[in-house]
Amino acid sequence: ALLEDEAARRRSEGGEDPDAPPGTVRMPDDEREEMLRTLREREAAVHKELAALPLRLTTLRQRQRHEDLDTRLRELTDSIAVFDRDVVYVHP
């Protein structure tokens, strides 16, 4: 039990993690949470921009803007899913 506690402490501090894929390190929890907060703020901003578009997209520029925002929203959603995990591994 003592070894398990030590391993859990080191993992939570972003130290060596035996479960880490080769060539990666565990992202510290505070950095992961900060990234997650930033991504969620960006997601909210994109939702707000989408809501500001007219319901009927009549011009090419409106349709392109909607498509661009929709693409950004999908990318942000995918990124949030990654950083919302308990453990995130990154390349140093």
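This report concerns the structure included in the present document. (Residues numbered from 1 in each chain as written. Predicted model: local features only at pLDDT ≥ 70, side-chain atom pairs only at ≥ 80, totals over all residues. Heavy atoms only, no water.)

The next thing to look at is the overall build of the protein chain. When helices and strands are tallied, the protein chain shows three helices and two strands. In the protein chain, the order of α-helices and β-strands from amino to carboxyl end is α-β-α-α-β. Looking at the protein chain as a whole, 17% of its 92 residues qualify as buried. For the protein chain, contacts bridging at least 24 residues in sequence account for 69% of all contacts bridging at least 6. (Helix = DSSP H or I, 4+ residues; strand = E, 2+ residues; numbered from the N terminus. Buried < 20%, exposed > 50% of the residue type's maximum accessible area, 1.4 Å probe, protein only. Contact = heavy atoms within 4.5 Å.)

Turning our attention to the nonpolar core. Core analysis: the biggest nonpolar cluster contains 12 residues, these being M27, L36, L39, V46, L50, L53, L69, L73, L76, I80, F83 and V88. Of all the secondary-structure elements, those providing two or more residues to this core are α2 (29–52) and α3 (60–83). With five residues, α3 is the largest single contributor of residues to this core. Those residues in contact with M27, other than ones at most four positions away along the chain, are R32, F83, V88 and V90. (Core = buried A, V, L, I, M, F, W, Y, C linked by side-chain atoms within 4.5 Å.)

Turning our eyes to something else, we now look at α2. An ideal rise of 1.5 Å per residue puts 34 Å on 24 residues; α2 measures up with 35 Å between its terminal C-alpha atoms. Of all the residues in α2, the buried ones are R32, L36, L39, V46 and L50. (Expected span 1.5 Å × (residues − 1).)

Below, the discussion takes up α3. Its 24 residues place the ends of α3 35 Å apart at the C-alpha level, agreeing with the 34 Å of an ideal helix rising 1.5 Å per residue. Tucked inside the fold, the buried residues of α3 contact α2.

A complete count under the given rule lists eight salt bridges for this structure. Two residues, D29 and R26, come together in a salt bridge whose shortest N-O distance is 3.4 Å. Look at D29 and you get partly exposed, because its relative accessible area is 22%. Here R26 falls in the buried class, since its relative accessible area comes to 9%. Here R32 makes a salt bridge to D29, at a shortest N to O gap of 3.8 Å. Of this pair, R32 and D29 are both found in helix α2, three residues apart, which corresponds to roughly one turn of the helix. Here R32 falls in the buried class, since its relative accessible area comes to 9%. (Salt bridge = Lys/Arg side-chain N within 4 Å of Asp/Glu carboxyl O.)

Structural measurements only, silent on function.
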